[in-house]
Each structure stands twice: as C-alpha cells, then as structure tokens.
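A closer look at the structure
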Amino acid sequence: MIHTSSSLRLLLAMALTVGFFNTGCDKHNHTEGEVITRVTVHLTGIGNSFNQEFEAKDDDGDGTFNSIDPISLPAGSAFMCRLHLYDDTKTPVEDISEEVAAESNEHLFVYAVSNATMVIGNLNTDGNGAPFGLESIWTTALASTGSVKITLYHEPTNKNSTTDPGGEVDVEVSFPVTIQ
Amino acid sequence: MLKSKAAIAGFCSLCCLGLSAQDCHFALRGHVTEAETNEVLAYASVLVRETGKIVSTDENGWFAIPNLCEKTSYTVEIRHIECAHFTQIVQLTENTAMEFRLLHDAVLNEVVIREKALPPPPTQAAETVAQSDLEAGKGVHLGETLKKLPGVNLLSSGATVAKPVIQGLHGNRIAIVSDGVTLQSQQWGNDHAPEIDPYASETIRVVKGADGVRYGVGAMAGAVVLEPAPLRKESGRGGWATLNGFSNGRGLAMAGSIDWRLHHNEAWAFRLQGTYKRNGNLRAPDYWLGNTGTREFDFTGMAAWEREKTQHTLSISQFNQAYGVLRASHVGNLTDLRFAIASDTPRNNLNYFSYDIERPRQEVQHNTLKYKGEIRLNEVWKWVTQYNFQYNRRQEFDRGRGSVIEGDRPQVSFRLWSNTLDAGLEHRPIRHWQGAVGVQLLQQLNYVSRGGYIPDYLSFGGSVWAIERWRRFPHPWEFEAGIRYDYRWSHATTSGNGNNNLDEVVQFGNVSGTIGAIYRILPELVLRGNTGFAWRPPHVNELFARGVHHGAGAYEQGNPDLQTEKAWNTNFSLDWQSKHGHAGLSLFRNAVQDFIYLNQPRDSVVLTVRGPFPAYFHQQADAVLQGMDLNVSLRTLGRVYVEARASTLFALRKTNDSDGKNRDWLPLMPGDRYQYGLRWLIQDHSAPTFIRLLATTAIRQWRIPAEGLTKAAPETFTVLGLEAAHSFRWGKRRIEAGLNVQNLGNRRYREYLDLFRFYADMPGVNVALRVKAVF
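Residues numbered from 1 in each chain as written. Chains lettered and ligands numbered in written order. Predicted model: local features only at pLDDT ≥ 70, side-chain atom pairs only at ≥ 80, totals over all residues.

Before going further, it helps to spend a moment on the overall build of chain B. If you tally the helices and strands in chain B, you get 7 helices and 43 strands. By residue count, 46% of the 775 residues in chain B fall in the buried class. (Helix = DSSP H or I, 4+ residues; strand = E, 2+ residues; numbered from the N terminus. Buried ≥ 20, exposed ≤ 12 C-beta atoms within 10 Å, placed from the backbone.)

Below is the structure:
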C-alpha cells in the first residue's frame, strides 16, 4: 500500500509538470509564414489619362484567388504597368513587391497574352541587366477579348526563357482582358 | 547452491500438502541467453533434476519440458559447452514461458540464472527483425531495419525519410510502439518519418494484422513493436559502443549505452544511451542528390527500482533530427511538376557534395517521459500503471524571399502534446487462462502555425479492454480472445489559414475485437489464425484540411462528413522451423469499410495563387486488401543457405463510376517484391559469422488507379546487396564487425513508393562498415 501511494504521488507531480508545459506556451508566434494574398496591376496611360488598378484577391487566405478583376482597356493605346504584391494577413498590410524588387536578380515576371491583340514588352531589368518585369509597357491594338497570365518565378535558372525559366512559381494569375 | 537446497526442502513440504489436487500437465518453456551479451545459447542441455527429463535448446535458444506438475518447485540445470552447469529453482503455477539469463560471476566463479515470465506470442502473423539486419540498419533509420521483412515496405521521401508500410497500410493505420509507448506524432503526413532511434531497441517485431485491442485505435494493419534491452540484473556496469561509416553521403553514426546496478542497493538500476548521426548529400549513380544531408542526436535515460513484488521504472528520451529535403523536389505549380516529371535529370539540382542542410528542410524533436509501476498483489494478480507524456515539435523551413527566411524561422510548425494514462490488472493463468483487463485515458493538444494546413485541436479519449489467452502445453492448441472499446472527442479550431473560423466538435466511438488460435501441428510446424476487427476515426487532416500541402505538391481538401474506418482483418500463417532451415507463409485479407483515401478526379486542378495544382479530395469507399507473404531459408550444401522472400498485395476499392467499372485499384500500394540470395554461415552462434549476397527485384506496379498523376509507376528493377559480419573476443570484450554494401552494381532505379520518384533516382552504391564493442 505504501508503494501504491508513493506512485500516486509521483503521478500527481508529473501531471502538474505537464500542466505547466501545456499552459506555458504561446500559440501562433513561432513561424514566419508569408503569403501573397493580393496582386494589383496598376496601368497608367502613356499619352492618355488612363489610370486604373485591377486586383486579384485571396480574401480568406486559403491560397486560391476569390476574385480577379477583368481588365478593360481602350484600343490603340499604350500603358505603363507596375505590379504590386501584398500580404493582407499582416497588420499593417505588407507590400511584398518592394522586397521582390530588392531581390530582382532572383525574380522574374513573365507575361503571356492570349487572344487579345496586345503586346507586352520593355520589361525593366535586374541588377545584372537581365529581364525582371515588375514594370512593363502594354500596347493594345484592335478591339478583342482574351487574357493575360502573369507568372512570378523565384530563383529562375534562365531569365531569357518565357516558357521554362526554371526555379519555382511564386504567383501565377490570369486576368481576363477586354480591348474596346 | 545453499539457496537451491532450501528450496528443494520447500518443494517437499509443498508436494505433501497439495498432492490430491495436483495437475501434472504443465510445461515449462524457456529461452536461454547469456546475460552480459544477450547472446542466445543454442544446443544447451536443460535438465529437470526431479523428473530426470533432459532436453536441448534449439538454434534460437528455446526449449520445452512437458508434463510437469503445478505448484511444484523444480530444479532446472542448464549446461552449455562454453560454461559449467547452472541450476535454478522454478515453481510452476501454470504453463509458463521463461527467460533464463546466464551470468558468469567472476567473484564466486559460478553462474547465476535470472528468470522472468515471457509474454505469449501474437496469434497474428508476425516477423522479428533478424539480429544481423537490425545491426546493419540501425545506423540509417527505423525503416532500413524493417525493409527485409516480407510484407513490409517503405513509403519514402528520398533515402532519408521513410515510413513503414505493413501489408499496404501506413501512417495512422499502424501503431509504432516503443518500450510500451505508442508514438504520438504527425504521422498523417506521408513525408513525416516516425521519430524513433533504433539504437535504443534490442528487438523489433512487426505484427501483421489488426491489433486494435492491444494497441488501440489505428492498429488496423498491424504494429511495429520495439523493445529495449532489459536493464542489467546484476550489480556492476556494462554496455556497448558502436561506430558506423557510410561511403554514400560520407555518413557517420555513433551510439553507445551504459548500464549499471548499484552494489550497495541492488534495487536500483540505470541506463544512459545516446546516438549521433550525420551525413551529407547522397549520390545517385549519375549525380549528387542536392540537399539530402541529415543530422540526428538522440538520448535515453532509464532508472528502475525493482523489488520482488514492486517495480518502478522512469524513462526519458529525446529525438532530434534535421534533414534537408531534396532541392529538386521543391517545385512550384503543376507546370513545374510536369517539367520535373519530363526531365531525366533533377531540375534546380545542387550537383555537388556538401554537409550543409539548406532550405527546404525539416526539423523534428520528440520527447517522451514514461513512468511504469508494477505491483504484484498476490500469486495471481499484478497491478500495472503506466503514464507517458510526449511532446512532438515539427518545423518546416521553406525556400523563399529574403524576409521569409530572415532570422531562420520556420514557415510552418506543428506542436503536439500527448498525455496517456494506462492502468491494468494482469493475471497469471487461472484454469489455463492468462490475460489482463485495463483502461486507458488520453489527452492531446495540437497547435499548428498559420499556413499549417491542418487545424488546431484538443482531443480526449478513453478506452476499456480485456484480453485472455488459453494454453496448456503440450496441448497443440492455443486460443486468444480480446475486446476493447475506444472513445474519442476532438475540438478542432483554426484561424488564419484555409479554414477561417473553423470551430467544430467531432466524436467517435467503436469496438475492437480479436480472436486467434495457434495450432502446433508438429514441434517444427505451427499454424496461426487470427481474425480481428479494428477501427480508426478520421484524422483532422482528412476532415478539415484545405490548402496546398507543400510536402506533397498538391492541393488537398478534407471532408467533414467522413465516418470512421472499420477494418476486418483475417490472416493465416504457417511457420516451419528446423535445423534444415525455416519457412513462413502468410495469407491475409483486410476488408476495410469506409476506407479513407485521397482521390484525384480526372484532371482535377485547383487554381491557387501559385498557379494550378493537382487537386486531391479525401473520400471514402469500401476497400479490400489481400495478399501473401512468403519467407524461406533452406540449408543446402555445407553451411550455405538459400534464402527467398516474396510479397504480393491486391488492393481494390469499390467505385460507382459512370463508365461501368465497379472496382478500381487503390493508389500508393506496394507492388510485387522478391528477395533472393545465398547466405554462407561460417560460424553459427547468436552473433554469427556470415556472408550474404541478396538480390531485390521490384516488379513495376501495374495495380494502380487509371486516373491521376499516380499513374506514372517506375520500371521493374533489380538491385544487389552484399553483407558480411564477424564477431570475436578481444580480451574480455566481444567485438562485432560488419560490412554492408547496398546497390552493389550502382544501378539507376526509382521506387513506386518513393514520393521523390518524379524528381530523382534512388542513391547509388553505398559501402557501410560498422564495429561494435560489448563490455
């Protein structure tokens, strides 16, 4: 009986220790997860007064875009494009594009237009003079509809390829485009 | 010697008292080992002086003496060529199996025998890892020690991360039980290896078949049971140290253990054990596998206070591992994955040798604290209490932009606390029935960081169980029956990831049962049959997962309406063992109602922020897994043995597809596998001297679902392995040395159950050398 009660006491002591472990921990501050929840395409007319932002947003943070704005542009015009990437889960909201720009050597934006009569070129360059693409020039021709797929590659191995630059995809979003 | 005379006197008075009611159909079965080295003693003679019966131990150190009387003291004498003779007094209350440990006592120049009752063998098909395979595999990981067993496969992520697969099932469907503690960690993840240091174990056994009654919910396909060496029984010190070197990855593994029992207070015994492992990038035949280095440090401490009727054991252990994840396996979206599959050589590979472990990498820590108390209440009943606390921390470090990797913080972390309390009453045989009843209480708390893909949860569980075994040697039959009820309550919550504001309570309860029999057709031939019912509640990831699972490169979505999985597992096994060799055949059928699996509907893709990902959905359907395992080792000319092992599995699920098919194969099931070779046994004892050449042929898995990316199964391959071991005495120490060459021909191959098969080949030739000193 003596042994029983001493083992019970030992157990109790252990349960208390464990209770300490359980309550003494804070919940969600151990990791640095950074996600892109919003992509903004900011288009400013060159030689015209066009100035509009189009957004793709992941409102619930599940990793899929909940809404993508259709891009509507006048025909026969040219635009200066600047992309912005945000993490809305942070307070204050974090502008990830600044960081991407700071690491331009390790990033590449690739633009792929389908069906719409539009050309995207003049990608801005990184520190080594290779394409980077956070900024670009968009030129529209005839009235048409289609889409533009914007892909951000991290650590690409061939920055001159638009089909297989290597590395990993950080963002890929396809905006519907109407030229009228 | 004086002691034994006193006991014989006791025996005389006893037999006079209880002569009329005496039953003389008992048997003493025993296993004889050398206490210092744990070597089994084959061909030792065992004499029961009172009856004049004499038998000899078999190759594995076992013997059996039938027709002994109950409640009687017998003097057992054991003789072995290398030693003098030893005596021990044994009293039989019922049929028992006992472990006899012989110890050379330097002071008294005589040998002492310690004996303890052994637990009965399982009625399910079971395999024990051969000592030589165990020693060779310990320096790598748990999976490596198991992979030669028929019916056991590895679900791996490259060569460094491997989960055991028993007859097609893994993860939460098997139990991993180390020193009586069921491992509680993030085993739902296919890329999460069990946090087990094989150096802390002396024996590893795999139970194939449902064993929910013994091991609780989840043991639907079996269990991997690891037992540490028993603590030192004699006062003084002992231990071992080992060093392993590996050519591939330029790896090193060191381990050592020291045991002691106090001289002035023999009730106290202690053990300290530690392991350190390190390797750099592994090499496939044609290229380095960039970022496949690992680092591991583990330790165990045990303290026991043992008296005749009471035992208290306290043990702590910690497992720490950091490992790199193959750089080439880190792909972005589906486009990247298609490029990776199309490419013959790994993309983005770091094609050089390095010990550095870079991102992506994972770090795991597992802590276990265990207390076990055993109190013998009387001749028949024993009260056993066990409490264990486990804390598992898993951190995943992803690649990313400068600010993401700043401060070297992980992107995802999982922390799991588990408390388990077991209480049971065990009884020695009562009218030939021996068994136990017990209760278990479990509490778990899981915290996941943002983006962690599974929710937080708090769980409570409880169970009651009873198991009984009838045996009456030399009666050829042995029976077992057991029943258990488990209940689980879980509260899942999350904020910030794909399951915004999840707040759900789920509860599950069900019965498990087992009925088994063993029939000894001949002393060398044993037939076992078992049918068992086991179940498993759906895990939180199957219920609530939602998002991209980066370890798997897939979008996964849970289903909150999932029901429990119920398995009815039946298996038969026939084992033959003689001096000419041994053979084992087992047949099994596991019918699983509401089997939960990841389904990928044809070309289903989810568009994520990072582009398209293949989409998988947790679904359930009735499934049947059936197959056969075979294991043969036959002595031919001289001391050359021919060895062969084969396993095959057919795993189908019911479907109600529109195209009229009503059955389809389950994904990620092992294909047919054959191992065959020659073993030249040069010197035969428990640590034998031998050379073995073994080939492994894995047939291309064709039993795969028609849909999904899983359809790419690698080609059939054959790899060769060469092993040799030798043990000798060096002064008072015993030295064991071993050589192990894997993938002898440096063949290029990929495994279907390797999650990295899309990206890179398996490692090429590896020469491992090991030396172990026992003192």
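Another point: the overall build of chain A. Helices and strands together make up the secondary structure of chain A, namely 2 helices and 11 strands. When the elements of chain A are put in sequence order from the N terminus, they spell out α-β-β-β-β-β-β-α-β-β-β-β-β. With 180 residues in all, chain A has 29% of them scored as buried.

All names here are of chain B. In spatial order, the strands read β9-β14-β15-β12-β13; together these 5 strands make up an open sheet with mixed pairing. With partners counted over all chains shown, the strands left at the sheet margins are β9 (125-128) and β13 (181-182), one partner each. Pairing of strand β14 (residues 203-208) with strand β15 (residues 222-227) involves 6 bridges; the strand directions are antiparallel. Within β15, the position partnered with Arg205 by the bridge is Val225. (Pairing = 2+ DSSP bridges.)

What follows is about the confidence of the model for chain B. In regions of low pLDDT, the predicted coordinates are not meant to be interpreted in detail. All names here are of chain B. When the pLDDT values of chain B are averaged, the result is 86; 89% of them are 70 or greater. Ignoring residues within four places in sequence, the model shows residues 1-20, a span with pLDDT below 50, making 14 contacts including any to other chains. Within the model, pLDDT remains below 50 along residues 106-113, and this stretch shows 16 contacts once partners closer than five positions in the same chain are excluded. Here the prediction assigns the complex a pTM of 0.87, and the interface score ipTM is 0.78. (pLDDT = per-residue confidence, 0-100. Contact = placed C-beta atoms within 7 Å.)

As a further point, take the confidence of the model for chain A. Residues and elements named next belong to chain A. Within chain A, residue pLDDT values average 83, and 81% of them lie at 70 or more. In the model of chain A, helix α1 (residues 2-23) stands out as the element of lowest mean pLDDT, 44, in contrast to strand β9 (residues 135-140), which has the highest, 96. This model gives residues 1-8 a pLDDT under 50, and the stretch forms 6 contacts once residues within four places in sequence are excluded. For residues 10-31, every residue scores under 50 in pLDDT, and the model assigns this stretch 24 contacts once sequence neighbours within four places are set aside.

Residue and element names in this part refer to chain A. With respect to topology, 4 strands assemble into an open sheet ordered β4-β11-β10-β7, the strand pairing being mixed. Strands with a single pairing partner mark the edges of an open sheet, and in this sheet they are β4 (71-73) and β7 (107-114). On average, adjacent strands in this sheet sit at an angle of 25 degrees to one another, irrespective of strand direction. Bridge count between strand β10 (residues 144-154) and strand β11 (residues 168-179): 11 bridges; the pairing is antiparallel. When the sheet's bridge partners are listed, Val148 is paired in β11 with Phe175. (Axes fitted to C-alpha atoms, helices over the stretch in contact; angles between N-to-C directions.)

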